[in-house]
Amino acid sequence: MKQKIFVLYTGGTIGMTQSSEGLRPDTALVSQALSPFSDDLDFEWHVCNPLIDSSSVTLQHWRDWLDIIAAKLPFCDGILILHGTDSMAYTANLLALALQGLGKPIVLTGSQWPYAAENSDAPRNLSTAVAAFSLKLKQTVIAFDGKLYPAVGSSKVSTETAAGFDNPHFGAIAEWDETQGWHNICVPSQDAADVSDDLEIRYPDPQAKIAVRTLIPGFAVQELADGLAQLPAHALILQSYGHGNTPADEGFIRAVRDFTQQGKLLLNISQVRQGRTAAVYAQGNAFRNSGIINGGKCNLETATALMTLAVSQGWGVEDVHKELVRLKLV
């Protein structure tokens, strides 16, 4: 019996066509992209109206897509999401954290070049994504350049090559090509609590206000210290140095402490691609004791999903820490 795959087409380069102003989303992809795989799989398409460039994704889009997924998941064997690469890792992380008890695969893919372009990476990415359904996964993954990456920890790392994504901490969980099929498979076992027949959805609040700041030498520390009191965000992601280090500037530390004492969340993550915040250097001690949350191995995309849901669900510091532990990030 054929597997039933629900396809959520959100837009992105994979289906774009050229216009006088540059590449634009188009629906032509629907009639051609998955026909080579129809002997083994039945596809049901949902084409978003309008299709978007993924640089335009909003929290409302995520909420709408979660509604669509929740309605279709009981009636299919898996979900394929065609998505632009710019914010694909953000969406993948949000879905991974929002869909609790997921018992079926959700596979996201897209491409660096349009499907119809010469030497496009789109056909290979689609082949990888479709083949992923044979693995009977129970998680959200990104399929790209012949590899499957777990959503949590994944980032877009290149605009120049077909190897557009990576997961520096957790790596690829499988590799695929037309001659060998799947190989180097290392799908981690999942806790029973993370897989259930009862899907629970944590919806993002479209009004959740998450800010991000990156430390650089010089004025950035003073600007952050001066601006924290007026920052309208509900939560802040700080990309600090190395193992989570910041200047031990008294004004900066005082501003951070005042921010967190208001009940606002400050998640500290490393700006290093394969970085991990940890209590390694004395330099960062004052900052670590100012009410912030240690994000461990969190990358920006995972941190964004986590803080968005934390604000939306009314989580406190301990709730966020428990989620970081569950995700094996700390």
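Residues numbered from 1 in each chain as written. Predicted model: local features only at pLDDT ≥ 70, side-chain atom pairs only at ≥ 80, totals over all residues. Heavy atoms only, no water.

**Points about the packing of helix α1 (residues 59–72) against helix α2 (residues 88–98)**
Now for step 1: Remark: α1 packs on α2, axes separated minimally by 11 Å, with the N-to-C direction vectors making an angle of 55°. The angle between α1 and α2 falls in the class oblique. When you trace α1 past α2, the crossing you get is right-handed. On α2, the residues that touch Trp62, Trp65, Leu66 and Ile69 of α1 are Tyr90, Thr91, Leu94, Leu95 and Ala98.
Now for step 2: Residue classes in the contact of α1 with α2 are distributed as eight nonpolar, one polar and no charged. (Axes fitted to C-alpha atoms, helices over the stretch in contact; angles between N-to-C directions. Helix = DSSP H or I, 4+ residues; strand = E, 2+ residues; numbered from the N terminus. Parallel < 35°, antiparallel > 145°, perpendicular 65-115°, else oblique. Left-handed = near helix turned anticlockwise from the far one by under 90°. Contact = heavy atoms within 4.5 Å. Nonpolar A, V, L, I, M, F, W, Y, C, P; charged D, E, K, R; others polar.)

**What to know about the packing of helix α7 (residues 300–313) against helix α8 (residues 317–326)**
Now for step 1: At a minimum axis distance of 11 Å, the contact between α7 and α8 shows a crossing angle of 140°. By the angle class used here, α7 and α8 are oblique. Where α7 crosses over α8, the two elements pack in a sense that is right-handed. Residues Leu306, Met307 and Ala310 of α7 lie in contact with α8, whose contacting residues are Val320, Glu323 and Leu324.
Now for step 2: Grouping the amino acids of the contact of α7 with α8 by side-chain chemistry returns five nonpolar, no polar and one charged.

**Quick notes on the UniProt feature "active site" (unreviewed entry) in the protein**
Now for step 1: UniProt's feature table lists "active site" (unreviewed entry) at Thr13, given in the numbering used throughout.
Now for step 2: Positionally, Thr13 belongs in the loop between β1 (3–11) and β2 (17–19). (UniProt positions renumbered as here; feature names shortened; annotations may be inferred.)

**Section: the sheet that holds strand β17 (residues 265–270)**
Now for step 1: Here four strands make up an open sheet; going across it, the order is β15-β16-β17-β18 and the pairing parallel. Lying at the two open borders of the sheet, with one neighbouring strand each, are β15 (210–214) and β18 (293–294).
Now for step 2: Pairing of strand β16 (residues 235–240) with β17 involves six bridges; the strand directions are parallel. What sits directly across from Leu236, in β17, is Leu266. (Pairing = 2+ DSSP bridges.)

**Comments concerning the sheet that holds strand β9 (residues 147–150)**
Now for step 1: The strand order β4-β1-β5-β7-β8-β9-β12-β13 describes an open sheet built from eight strands, whose pairing is mixed. The open sheet has two edge strands with one neighbour each: β4 (41–52) and β13 (181–183). The average angle at which neighbouring strand axes cross in this sheet is 25°, direction not considered.
Now for step 2: When strand β12 (residues 174–177) meets β13, the two strands line up antiparallel, connected through three bridges. Residue Asp177 lies in a different strand from β13, and its bridge partner there is Gly181.
Now for step 3: Strand contacts of α2: β5 (78–82), β7 (106–109) and β8 (140–144), with the helix running at about 155° to β8, the strand carrying the most contacts.

**Quick word on the pairing of β9**
Now for step 1: By the bridge criterion, four bridges tie β8 to β9 in an arrangement that is antiparallel. When the sheet's bridge partners are listed, Val141 is paired in β9 with Pro150.
Now for step 2: In sequence, β8 turns back onto β9 through a hairpin of two residues, with Asp145 there showing a positive phi of about 50°.
Now for step 3: Here β9 runs beside β12; their pairing, made up of two bridges, is antiparallel.

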